[in-house]
Amino acid sequence: MKPRRVVVTGIGVISALGRGARSHLDAAVAGRGAIRFIQNFDPSNLICRIGGEVPDSLMAGEHPSADRFARFALIAAEEAVAQSGPAIDPARTAVLFGTGMGGTTTLESSYERLFSAGQTRMPPMTIPKAMYNAATSAIASRFGATGPGYTVVSACASANHAIGQAAHWIRSGLCETAITGGSDAPLMPGIIRGWEALRVLASDDGDPSTACKPFSVDRRGLSLGEGAGALVLETHESAIRRGAEILGEIAGFGLSMDGGHLTDPTVEGPLRAMEGAVRDAGARIDEVDYVNAHGTATKANDPTETAALHRLLGARAARVPVSSTKAMHGHAMGASGAIELALALVALNSGTIPATLNWRGGDPDCDLDYVPNEPRAGAVRFFLSNSFGFGGMNAVLAVRTTRGVE
Amino acid sequence: MEQKQLEEQILEIVRQEKTIPEHLDLSAPLADAGIDSLDALNILFAIEEKFGIHIPDDRARAIRNLDDIVAAVREQIPQ
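Model, not experiment: these values are computed from the prediction.

### A word on the overall build of chain B
In terms of regular secondary structure, chain B is built from 4 helices and 0 strands. Shown N-terminal to C-terminal, the secondary structure of chain B runs as helices and strands in the order α-α-α-α. Taking contacts inside chain B between residues at least 6 apart in sequence as the whole, the part at least 24 apart equals 54%. Carbon and sulfur atoms make up 48% of the accessible area of chain B, which amounts to about 4800 Å² in all.

### Notes on the overall build of chain A
Within chain A, the secondary structure is distributed over 12 helices and 15 strands. Relative to the 2.2 N^0.38 estimate, which gives 22 Å for 406 residues, the radius of gyration of chain A is 20 Å and therefore close to what a compact globule would have. Structurally, chain A occupies a C-alpha span of about 60 × 55 × 40 Å along its principal axes.

### A few points about the pairing of strand β14 (residues 382-389) of chain A
Residue and element names in this part refer to chain A. In terms of burial, β14 is a largely internal element, 8 of the 8 residues being buried. Burial of β14 is two-sided: the residues F382, L384, N386 and F388 facing one way and the residues F383, S385, S387 and G389 facing the other way are all buried. Where strand β10 (residues 290-292) meets β14, 3 bridges bridge the pair, whose relative direction is parallel. Looking across to β14, one finds that V291 is bridged to L384. With 8 bridges connecting them, β14 and strand β15 (residues 393-400) associate as antiparallel partners. Note on β15: the bridge partner recorded for S387 is A395. Where β14 folds back onto β15 in an antiparallel hairpin, the turn is made up of 3 residues, including G391, whose phi is positive at roughly 85°.

### What about the packing of helix α2 (residues 68-84) of chain A against helix α5 (residues 134-143) of chain A?
Each packed pair of helices is defined by two parameters, the angle between the axes and the distance between the axes. Residues and elements named next belong to chain A. Look at α2 against α5: their axes get within 9 Å of each other, and the N-to-C directions meet at 40°. Judged by the angle between their axes, α2 and α5 are oblique. In the packing of α2 onto α5, the handedness of the crossing is right-handed. For the pair formed by α2 and α5, the contact residues are F69, A70, A73, L74, A77, E78 and V81 on the first element and A134, A135, A138, I139, R142 and F143 on the second. A breakdown of the residues in the contact of α2 with α5 according to their chemical character gives 11 nonpolar, no polar and 2 charged.

### Remarks on the nonpolar core
Taken as a class, soluble globular proteins show a tendency for nonpolar side chains to be buried jointly. Residues and elements named next belong to chain A. Ranked by internal contacts, the top residues of the largest apolar core, which has 74 residues, are I11, I192, L233, I250, L341 and F383. Looking at which element gives the most residues to this core, the answer is helix α12 (residues 336-349), with 10 residues. Those residues within four positions of L341 in sequence are excluded, and the remaining contacts are I163, L231, I250, N292, F383, S385, L397 and V399.

### Concerning the interface of chain B and chain A
Taken together, the contacts link 8 residues of chain B with 8 residues of chain A. Contact between chain B and chain A buries roughly 660 Å² in total, counting both sides, with carbon and sulfur atoms accounting for 57%. If you sort the residues of chain B by the area they bury against chain A, L38, F45 and E49 of chain B come out on top, with a joint share of 62%. At the boundary of chain B with chain A, the tally comes to 3 salt bridges. The salt bridge involving E48 of chain B is made with R121 of chain A; its shortest N-O contact spans 3.8 Å.

### Focus on the pairing of strand β1 (residues 6-15) of chain A
Residue and element names in this part refer to chain A. In terms of burial, β1 is a largely internal element, 10 of the 10 residues being buried. In terms of strand pairing, β1 meets strand β8 (residues 227-235) through 8 bridges, oriented antiparallel. Along β8, the bridge assignment pairs G10 with V232. Pairing of β1 with strand β9 (residues 248-257) involves 2 bridges; the strand directions are antiparallel. Within β9, the position partnered with V7 by the bridge is E249.

### Regarding the pattern of salt bridges
All names here are of chain A. Enumeration according to the criterion identifies 31 salt bridges over all chains in this entry. One salt bridge in this structure joins R36 and E53, with 2.8 Å as the shortest N-O distance. Here R36 is found in strand β3 (residues 36-37), whereas its partner E53 is found in the loop between β4 (50-51) and α2, with 17 residues between them in sequence. The class for E53 is buried, based on a relative accessible area of 2%. The salt bridge involving E196 is made with R193; its shortest N-O contact spans 2.8 Å. Separated by 3 residues within a single helix, E196 and R193 lie in helix α7 (residues 189-198), roughly one turn from each other. Residues joined by salt bridges that share partners form a network here, namely R5, E249, R284, D286, E287 and R400.

### Here's the deal with the environment of L17 of chain A
Residues and elements named next belong to chain A. Mapped onto the secondary structure, L17 falls in the loop between β1 and β2 (18-19). Taking relative accessible area as the criterion, L17 reaches 3% and is therefore assigned buried. Sequence separation between L17 and P86 is 69 residues, and the spatial gap between their C-alpha atoms is 27 Å.

### Topic: the packing of aromatic side chains
All names here are of chain A. Taken as a whole and assessed by the stated rule, the structure comprises 6 aromatic pairs over all chains. Judged by centre distance (5.2 Å) and plane angle (85°), the ring pair of Y150 and W169 falls under edge-to-face. Of the two residues, Y150 sits in strand β6 (residues 149-152) while W169 sits in helix α6 (residues 158-172), which places them 19 residues apart along the sequence. Accessibility expressed as a relative area gives 43% for Y150, which makes it partly exposed. Given a relative accessible area of 8%, W169 falls into the buried group. Residues Y290 and F383 carry aromatic rings whose centres are separated by 5.9 Å and whose planes lie at 50° to one another, so their mutual orientation is tilted. Highlighted residues: Y290 in strand β10 and F383 in strand β14, separated in sequence by 93 residues. One exposure class covers both Y290 and F383, and it is buried.

Reading the values: the criteria
Residues numbered from 1 in each chain as written. Chains lettered and ligands numbered in written order. Predicted model: local features only at pLDDT ≥ 70, side-chain atom pairs only at ≥ 80, totals over all residues. Heavy atoms only, no water. Helix = DSSP H or I, 4+ residues; strand = E, 2+ residues; numbered from the N terminus. Contact = heavy atoms within 4.5 Å. Areas by Shrake-Rupley, 256 points an atom, 1.4 Å probe, with all protein chains shown as cover. Rg over C-alpha atoms; globule rule 2.2 N^0.38 Å. Buried < 20%, exposed > 50% of the residue type's maximum accessible area, 1.4 Å probe, protein only. Pairing = 2+ DSSP bridges. Axes fitted to C-alpha atoms, helices over the stretch in contact; angles between N-to-C directions. Parallel < 35°, antiparallel > 145°, perpendicular 65-115°, else oblique. Left-handed = near helix turned anticlockwise from the far one by under 90°. Nonpolar A, V, L, I, M, F, W, Y, C, P; charged D, E, K, R; others polar. Core = buried A, V, L, I, M, F, W, Y, C linked by side-chain atoms within 4.5 Å. Buried area = accessible area lost by both parts, 1.4 Å probe. Salt bridge = Lys/Arg side-chain N within 4 Å of Asp/Glu carboxyl O. Phe/Tyr/Trp six-rings, centres within 6.5 Å; stacked < 30°, edge-to-face > 60°.

So, in structure tokens, the structure goes:
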């Protein structure tokens, strides 16, 4: 029996670039970044005072009782479901969302009471707001979804793991529809301090918008971001039957672990995940005509990912465009795979290959076509979207654009 | 504190936590006012903060209506 094909019929996204797929398409076409000095709290005593921050004004008053990461997830999911249309059967709908950090905003404010303000009582919603599945559960409640559901936590690979697993659930017949993606809100003082201690955050040089420089010799680390991306997935057959617009196809999912160091990446782990995604899609490696890179702008990731791409693509490596959009919106951790896939899909579907901003070249170990600084017109049909997380977690999605879906 | 005054103070806190009907039967189940289990926890928390008291768990679990809340608070505030 032919495996069921899984298509995207709804896309929702909120990040520093704005709220909604349209704002992300506009940013991709303009080659615009949005990393800024943190404004939602006073960052003056931090070493790193910048981030890809979602302006509070973008979601004023919406879902006020939920943690920030769940609010992002709800807003993205609402957009995706609205686009997909009303024909979702809640009993056959899964919710599978990823997060790296969960309800950090709630935890930090509650802990501050306890440890700093000398209080002994915690707000009663501390646990239900902060739990890692709060976003998944909020989406299920919002849409009355009663099919399969849980939350994926695998650091910065969380969203890709969630989307890939959701696609496999549909493929296997476990559910008909899935609301999936990832959400994170790590721009809190305690989390930023934790990242500072790892010495992998880029300092701002006075201009936050140029701090994050993926694949460039002068890169100085990552910039944290926040937000959520959401997709509605369903079978190709059901999308055709109900006349839903098909926005892409989650054709394959590849996973691997490095099985070694906690934070240092390997070439082999990401390579096996990329190979696995192409194989799972029933495609050939020479069909890959774009790669949405993990591209964190850390010293360690970028050359390692480049080496893995050389091994994957062979002689074609120099000709396949590879870009990291993290210089635009920051590294949104457990949300990054979903935000980046949403951005890439809407851009590629409109014929735009997103750029890698702030690229000056010069690193002999980063020698691919990174679509430097300016977006490019191109007709991409089949691409990979990479997410690699601390702990050696690698998750790659193989995706067909509207051009590639037959 | 006068009973009526205490009721007013408690209702004011309840209204800060939750939109409730203007005219309430204090003896009606909390659900009639749209107050669910988590709302009740938030309300008790806010009351404890305001009065600087602690309502024991056994006492809190027995609360069914606003009258019960008022009574539980009265037990904890110095006469």
